[in-house]
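Examining the three-dimensional arrangement
Read off the chains here:
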Amino acid sequence: MKMAKRLLAYSLPYWRWLSLALVMIAFTSLSINYLPILIQRVTDQCLMNTSSPVAERIDLLMKLSLLYISIAAIGHGVRYFQGLLTAWIGQKIIYDLRLEVFRKVLRMHQAYFDQTAVGTLMTRVTSDIERLQHFVTEGVVGTIADLFMLLGIMGYMIYISPSLSLAIFIPLPLLFAFLLYINVKLRNANRDIRDRQSRLNALLQEDLTGMTTIQLFNREASAMVDFDQRNTHLRSAYFDEVHWFSLYFPTIEGGQAISILLILAVGGMLILNGSTAITLGIFVAFLAYIRDFFRPLGSLADKAGSFQIAMASIERVFNLLDRPEEVADPAEPANPDHIAGTIAFNNVWFAYTEENWVIKDLSFSVEPGQVLAVVGATGAGKSTITNLIGRFYDVQKGAVTIDGVDVRNFRKSDLNERLGYVFQDPFIFAGSVADNISLQTPGISRSDIVNAARTVNAHAFIEAMPEGYDTVMNERGEGLSLGQKQLLVMARTLAQEPELLFVLDEATASVDTATELLIQDALGKMMCNRTSIVIAHRLSTIRHADRILVMRHGELVDQGTHEELMAHDGYYRHLYELLLHAPEP
Amino acid sequence: MFSCNRRRVIPTSDIKLNRYLIPHRKEIIGTVVCVLVTVGINLYLPYLMRLVIDGLTEKTLDSATLSKLLGIYLLLGAVAVVVSRFLRKLPLKLSHKVEYALRSDVFDHLTKLDQEYYRSERTGDLMTRMSSDINLIRDAIGQGLLQGIRTITVLVFASIVMMLTDPGLSLLVYSLYLPMVGIFFLILRVMRRHQKDLQEHVSEVSNFSQESFSGIRTLKGFALERRRNAQFKELNSGLVRKNMRLQASRQSLWPFMAFWFSLGMILILNLGGRRIIDGGLTLGTLTQFIQYLLYMQWPLLALSWSMSLIQRGKVSWVRVREILERESSLESRSENTEPKKDQGDAGIQFQNVSLNIQGRHFLHDIDLNIPEGTTLGITGPTGSGKTLLVSLVARLMDPTSGSVLIGGDDIRDMPLAHLRGIIGFAAQEPVLFSQTLEHNIGFGVAKPDKDLIGWAADIAHLRDDVEGFPERYQTVLGERGVTLSGGQRQRTAISRAIARRPDILILDDVLSAVDTQTEAAIMGKLQPVMNDRTTLFVSHRISTLRYADEIVVIENGRITQRGTHDELIRQPGYYSELNTLQQLEEQLEAGS
Ligand SMILES: Nc1ncnc2c1ncn2[C@@H]1O[C@H](COP(=O)(O)OP(=O)(O)OP(=O)(O)O)[C@@H](O)[C@H]1O
Ligand SMILES: Nc1ncnc2c1ncn2[C@@H]1O[C@H](COP(=O)(O)OP(=O)(O)OP(=O)(O)O)[C@@H](O)[C@H]1O
Ligand SMILES: [Mg+2]
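Cut-offs applied
Residues numbered from 1 in each chain as written. Chains lettered and ligands numbered in written order. Predicted model: local features only at pLDDT ≥ 70, side-chain atom pairs only at ≥ 80, totals over all residues. Heavy atoms only, no water. Helix = DSSP H or I, 4+ residues; strand = E, 2+ residues; numbered from the N terminus. Rg over C-alpha atoms; globule rule 2.2 N^0.38 Å. Buried < 20%, exposed > 50% of the residue type's maximum accessible area, 1.4 Å probe, protein only. Contact = heavy atoms within 4.5 Å. Lys, Arg positive; Asp, Glu negative; His and termini not counted. Charge placed at Lys NZ, Arg CZ, Asp CG, Glu CD. Domains from an automatic or database assignment. Near = heavy atom within 4 Å. Polar contact = N/O pair within 3.5 Å; in protein donor to acceptor, adjacent residues only side chain to side chain. Areas by Shrake-Rupley, 256 points an atom, 1.4 Å probe, with all protein chains shown as cover. Nonpolar A, V, L, I, M, F, W, Y, C, P; charged D, E, K, R; others polar. Pairing = 2+ DSSP bridges. Buried area = accessible area lost by both parts, 1.4 Å probe. Salt bridge = Lys/Arg side-chain N within 4 Å of Asp/Glu carboxyl O. Axes fitted to C-alpha atoms, helices over the stretch in contact; angles between N-to-C directions. Parallel < 35°, antiparallel > 145°, perpendicular 65-115°, else oblique. Left-handed = near helix turned anticlockwise from the far one by under 90°. Expected span 1.5 Å × (residues − 1). Bend = angle between axes of the 7 residues up to and from the residue. Donors = N, O, S within 2.8 Å, 3.2 Å for Na, K, Ca; no water. Phe/Tyr/Trp six-rings, centres within 6.5 Å; stacked < 30°, edge-to-face > 60°.

Description of the overall build of chain B
Helix and strand counts for chain B come out as 20 helices and 10 strands. Whereas a compact globule of 592 residues would reach a radius of gyration of roughly 25 Å, chain B reaches 36 Å, over 25% beyond that. Reported as C-alpha extents along the three principal axes, the dimensions of chain B are approximately 120 × 60 × 50 Å. The buried share among the 592 residues of chain B stands at 58%. Once local pairs closer than 6 in sequence are excluded, the contacts in chain B between residues at least 24 apart make up 77%. Seen as two clouds, the 68 positive and the 62 negative side-chain charges of chain B have centres 12 Å apart.

Right, here's the structure in full:
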């Protein structure tokens, strides 16, 4: 209930329009449902009224017919506009909400994305929100409209013949209860279908992206088995749905048949017994009412049945909106005009999952303009360091500072605008090569793009592509070699010209050594007034570093210049010697 | 010289949807029977109504006859309701069976298609075909069958009954309904156009969101959130606009139909009424006609609706059939699907291999002989074709000309499953699945046991890392393995490849994210494993390349140098330059 209230808060800005819609609904119900009364009058006063003269009867018939058609035109016209208006209100609400959800997702911390499948997030921004909109327009407004229709019809029916109405209304609660029951079952089946469909889709998505791997490892058969299991599951949910669905319309048809039967029986008996309370006109009018009566009835049962499902969606969306942003922007962000660029880690402790420390009591600092290299065994926590500087995660203990200001005091966007990242996994957007380098940042011209590409030695292969810089690349840059992707991503970072810092996480690991050295020389020039942090496994990459950190299991085991480290007889020297005296096979 | 055409998309067999319908003949016949029964009864009931009303007007009815008529009404009504249930159940259930079979077949076929195909198709698009397109086909079958048969039956029988009852009024009913069906069809067409527009926009929005979420790191790293949000806002407004355009036609459907029906009602009442006043028609007959008017309304409207459903189903079927008819460019050339039993030799030969993709030449005249049990190291500049070369061995694609032989047999003559069964492949960008580590390592083995997984993890030097995870081998990875470090991901891929104990091991730049010390440890442990089998490995590092029995340098798709490490460092060329660049003694020692 609280959820529903909160949702209705989103419709508050539109309350004037909503009230207008309600007025229109009332008008439609009163006008359209008046039509069968005209039928009754036609029947009784024109067709069956043998006592008055023929000309008069025909005259009245024409008048009533005209009245009938005008009311019908106006009533249905208003109904059309009411439908449009309601749809528009629904769209406005969903527009606001969808934007809010998307923004919220982008604000979430990285750890959230580690745990949440992209498919799940997609469901939130698409189908869950659509169900919300459905709930507002169809659920709330629709229920009101149905109730008005139903009450309108029942009112008119009682007005023209209380006794006949009573006869018809008696079995209704039973019918409604049964419809409701069917609907609840139907909704459950629907929910199962959706769940199973999305589970099938998740599997499908993973299998399709990893199909080459599946084929290489001969897993086709077992992939088929998994798929078949979910497919069968889905089918059985559908069978369930068919089972209940095939009861739904026959039930309404049955209700209609029983009502007609009741009209014929009760009305017939009354007329036979000479009662004047029932005329043939009433008879005919009732037959018309019965037809209109069951639509809102069925749809009410429908809505009552879907209430639970809508609530589940609403809950999921609001849960997402309410989720704390663990890496939040500060209330009063520091925004110094000039940042020199001293980066320091002060006794930093960090774990991705509780107490499973990946960084243990790490302290170091880099002066502006310096190049810091981080080396260490795989899984030692090198990439984690870069994650902490850009606040992809926040430290648990200690602090990361820039010019002595805790990074948590910066706004994340201010911070990241000053940093330039090259991540370990190159991510290529679907789009042209040029857009991938410029990221459509205003102020980056084509010649800047080409320059950046030349700097990293990517120009040649880009030119060789079918349409050069305008070649549109597939998802994740399929068709480029890994080294080429790394060069592209490197060019992107250069083109953005970050003012403060470069963070290169194994940026050239899959690039040949000659190109790598070329890039380093170019970077050397660009880096001179910026701080940079370089993670690499190859000593050739770090020979220019002013300072080298040696990490092991999240701890700093040594730091200094190459010469100092060589003098220490520690891990670094061991590493170095390994390189020089690799065992002869 | 033969040249094998790599792009064979010409359908060899014409796949018909009938294939899926024929097994369900019985259900289809059952549906027809149900339709006949319900339509018959529904046309008869208004006649009973007429008898009652006329009896009442003419005062010829007594309560006994009334009860009898109502009794018949009740009985027939009950039968109609029961049959009406089967009328829905049969075709709908059938349609879900077809949906199931079709989806299975498509998936099964997809598992046979080559890498080339997956590169050219967007995953999102394949997903759409597997879900919404197949759903549309299903609806076309289920609803099409149901509504189609019903509409035709209703049209035929209702015309006969109405003509027999009163030709004048039936002409009126027809002249009313014909334009209605026409207009309805037009509205539906407009609606469909807007629907399509909207659908395209929706998939644009979901592609955009999908990319934003999976590239979130890059977005945040470049502070692109604001720009992304603005773009999303734009897309979102588009959604509202397109939706409202659709609503403009969709919302008109019901009011329009209801109004048209009111029009029909009053016309019948007016024209029929005059005849009643004249005494030429009874009120009962008029009521009977009004009931027919009511009854025919839905089947007639459903005519346009199911026609549009069937049309959409057809379009979807074409899209789905495209998958089914697409043949893998990798089918075995010979009919020989039995692996040769005397297959002991796992030596690999490249004979004059060239590779073109989309008119660009990526490999030229590659000749290589890798005797069984030896190790070939491959190196060369970025983008020179190393990955393409090794993928030819596992037949991720076929060469444009020339051939690759294993044990003297062209690999195109081997069953694909057999070929892949003898290869352990660790790709440059490995795809891990979001399941447990254990599952990922044992991925290529039918029944992996703990020892095997432990052994494989140990060789790839993954064991220590795993011991550090709270859940050990039961650790569930994030999507694409994002919760592992880069080196851990690579080593998982190595373990996965060697866990198969393959005859041929292919390692494509798999140690690039691994530090020198671990690299040395892995190479040390891999050594005995590599000695037992034929190994190809790609690397940029001299420190690993020197383990190879032979090394080839690939530049621009050509082999420019080959020989052992010792031979190559003495030749001028790429390799010796690489060696100097990586042997930093001079510079470093000058500093110390
Ligand atoms: N998103 C994450 N969630 C949970 N654990 C993680 C996550 N990312 C990394 N880890 C774990 O943290 C540890 C350190 O990872 P990190 O990526 O910092 O290593 P690294 O030193 O960069 O290694 P490599 O050289 O292999 O890239 C690893 O054990 C890894 O499994
Ligand atoms: N499916 C494809 N479609 C079009 N071009 C491709 C495709 N696959 C690879 N290429 C191109 O073929 C060339 C060779 O690619 P390959 O992946 O073999 O390079 P590589 O030598 O492995 O490079 P790296 O050292 O970066 O891994 C590259 O220019 C690449 O862009
Ligand atoms: Mg490669």
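Now that the structure has been shown, the text picks up again.
A closer look at unusual backbone geometry
Phi is positive for N457 of chain A, which is not a glycine, with a value near 70 degrees. With respect to the helices and strands, the residue N457 of chain A is situated in the loop between α15 (446–455) and α16 (459–464). Looking at N457 of chain A, the relative accessible area reads 37%, which means it is partly exposed. Unusually for a residue other than glycine, R472 of chain B sits at a positive phi of about 50 degrees. Tracing the backbone shows R472 of chain B in the loop between α14 (463–468) and α15 (486–498).

Regarding the domain arrangement of chain A
Domains assigned within chain A are domain 1 (7–322) and domain 2 (343–581). Summarising the inter-unit geometry, the C-alpha centres of domain 1 of chain A and domain 2 of chain A are found 57 Å apart.

With respect to the site of ligand 2
Taken together, 19 residues form the shell around ligand 2, and within it S481 of chain A together with R119, K386, T387 and Q428 of chain B come nearest. Ligand 2 sits at a junction of chains, with neighbouring residues supplied by chains A and B. Between K386 of chain B and ligand 2, the recorded distance is 2.7 Å, taken from a side-chain N or O atom to an oxygen atom. If ligand 2 stood free it would expose 630 Å²; the protein chains cover 92% of that surface. Here the residues of the shell around ligand 2 are counted per class, giving five nonpolar, 12 polar and two charged.

Here's the deal with the pairing of strand β11 (residues 547–552) of chain A
Working note: regular strand, side chains alternate between the two faces of the sheet. Residue and element names in this part refer to chain A. Bridging between strand β3 (residues 371–376) and β11 involves five bridges; their strand directions are parallel. Looking at β11, one finds that G376 is bridged to M551. Note that β11 and strand β12 (residues 555–560) share five bridges and pair antiparallel. From the neighbouring strand, R552 faces β12, where its bridge partner is E555.

Some remarks on the interface of chain A and chain B
As a measure of interface size, the accessible area lost when the parts come together is often cited. On the side of chain B, 165 residues touch chain A, which itself brings 167 residues to the contact. Together chain A and chain B conceal approximately 15300 Å² of surface at their shared face, both sides included; 65% is due to carbon and sulfur atoms. In this assembly, chain A and chain B are joined by three salt bridges. Between D425 of chain A and R489 of chain B there is a salt bridge; the shortest N-O distance is 2.9 Å.

Section: the packing of helix α6 (residues 118–160) of chain A against helix α6 (residues 167–214) of chain B
The packing of two helices is summarised by the inter-axis angle and the distance between the axes. Two elements in contact, α6 of chain A and α6 of chain B, have axes separated by 10 Å at closest approach and are oriented at 135 degrees. In terms of their interaxial angle, α6 of chain A and α6 of chain B are classed as oblique. The two elements α6 of chain A and α6 of chain B meet at a crossing, and its hand is right-handed. When α6 of chain A is examined against α6 of chain B, the residues V118, L121, M122, V125 and T126 of chain A are found in contact with a partner set consisting of S206, S209, Q210, F213 and S214 of chain B. The residue inventory of the contact of α6 of chain A with α6 of chain B, partitioned by class, reads five nonpolar, five polar and no charged.

Comments concerning helix α16 (residues 516–531) of chain B
The end-to-end C-alpha separation of α16 of chain B is 22 Å, in line with the 22 Å expected for 16 residues at 1.5 Å each. The largest bend in α16 of chain B comes to about 35 degrees, at K525 of chain B, with the proline P528 of chain B one to four residues further on.

Notes on the site of ligand 1
Contacts to ligand 1 come from 21 residues, most closely from D114, S383 and T384 of chain A together with G487 and Q488 of chain B. Separating an oxygen atom of ligand 1 from a backbone N or O atom of A380 of chain A is a distance of 3.2 Å. Side-chain polar atom of Y393 of chain A to a nitrogen atom of ligand 1: 3.4 Å apart, as the coordinates give it. Coverage of ligand 1 by the protein chains reaches 89% of its 630 Å² of free accessible surface.

Quick look at the domain arrangement of chain B
Domain annotation of chain B identifies domain 1 (11–166 + 312–328) and domain 2 (348–590). Here the C-alpha centroids of domain 1 of chain B and domain 2 of chain B sit 55 Å apart.

Quick notes on the packing of helix α7 (residues 162–169) of chain A against helix α10 (residues 220–272) of chain A
Residue and element names in this part refer to chain A. Two numbers describe how α7 lies on α10: the axes approach to 9 Å, and their chain directions differ by 145 degrees. When the axes of α7 and α10 are compared, the crossing they make is right-handed. On α10, the residues touching S163, L164, A167 and I168 of α7 are S259, L262, I263, V266, G267 and L270. Residues that form the contact of α7 with α10 fall into these classes: seven nonpolar, three polar and no charged.

Section: the environment of N346 of chain A
Secondary-structure assignment places N346 of chain A in strand β1 (residues 343–351). Sequence separation between N346 of chain A and D292 of chain A is 54 residues, and the spatial gap between their C-alpha atoms is 75 Å.

Points about the sheet that holds strand β3 (residues 375–379) of chain B
All names here are of chain B. Across the sheet, six strands lie side by side as β6-β7-β8-β3-β9-β10; this open sheet has mixed pairing. Single-partner strands in this sheet number two, and they are β6 (423–426) and β10 (558–563). Across the sheet, the mean angle from the axis of one strand to that of its neighbour is 15 degrees, orientation sign disregarded. In this sheet, strand β7 (residues 504–508) lies alongside β6 in parallel orientation, the contact comprising four bridges. When the sheet's bridge partners are listed, A426 is paired in β7 with L507.

Some thoughts on the pattern of salt bridges
A side chain with one charge may pair with a side chain of the opposite charge, provided their charged atoms come close. Residue and element names in this part refer to chain B. Scanning all chains against the criterion turns up 31 salt bridges over all chains. Across the salt bridge formed by D458 and R463, the nearest N and O atoms sit 3.9 Å from each other. The salt bridge partner of D465 is R491, with a shortest N-O separation of 3.0 Å. With D465 in helix α14 and R491 in helix α15, this pair connects stretches of sequence that are 26 residues apart. Note on D465: relative accessible area 13%, which makes it buried. Overall, the relative accessible area of 1% leaves R491 in the buried class.

Some thoughts on the sheet that holds strand β4 (residues 401–406) of chain B
All names here are of chain B. Spatially, the four strands line up as an open sheet ordered β2-β1-β4-β5, and their pairing is antiparallel. Two strands in the sheet have a free side with no partner beyond their single neighbour: β2 (360–370) and β5 (409–410). On the sheet, helix α10 (residues 386–393) packs against β1 (348–357), β2 and β4 and is oriented at approximately 120 degrees with respect to β1.

Brief notes about the coordination of the magnesium ion (ligand 3)
All names here are of chain B. With distances of 1.9 to 2.2 Å, the protein atoms coordinating the magnesium ion (ligand 3) are T387 (OG1) and Q428 (OE1). Of this pair, T387 sits in helix α10 while Q428 sits in the loop between β6 and α12 (437–441), and the two are 41 residues apart along the sequence. Take Q428: its relative accessible area is 13%, and that puts it in the buried class.

Considering the packing of aromatic side chains
Enumeration over the complete set of coordinates arrives at 31 aromatic pairs over all chains. Taken together, a centroid distance of 5.7 Å and an interplanar angle of 85 degrees make the contact between Y181 of chain A and W244 of chain A edge-to-face. Here the residue Y181 of chain A occupies a position in helix α8 (residues 172–209), and W244 of chain A occupies one in helix α10, the gap between them amounting to 63 residues. Residue Y181 of chain A is classed as partly exposed on the basis of its relative accessible area of 42%. W244 of chain A sits in the buried class, given a relative accessible area of 15%. A ring pair is formed by Y44 of chain B and Y47 of chain B, whose centres lie 5.8 Å apart and whose planes are at 45 degrees; its orientation type is tilted. One end of the pair is Y44 of chain B and the other is Y47 of chain B, both in helix α2 (residues 25–57) and three residues apart, which spans about a single turn. Site record: aromatic cluster; members linked through ring pairs are F102 of chain A together with F208, F213 and F232 of chain B.

Here we look at the side chain of D207 of chain A
Within the fold, D207 of chain A resides in helix α8. Here D207 of chain A is buried and forms no salt bridge, its nearest opposite-charge partner R230 of chain A lying at an N-O distance of 8.1 Å. Among all residues touching D207 of chain A, those that are not within four sequence positions of it are I214 and A223 of chain A together with F107 and F433 of chain B.

Observations regarding the pairing of β10 of chain B
Residues and elements named next belong to chain B. As paired strands, strand β9 (residues 550–555) and β10 are joined by five bridges and run antiparallel to one another. By the bridge assignment for β10, V553 is matched with Q561. Between β9 and β10, which pair antiparallel and follow one another directly, the connecting turn spans two residues, one of which, N556, has a positive phi of 50 degrees.

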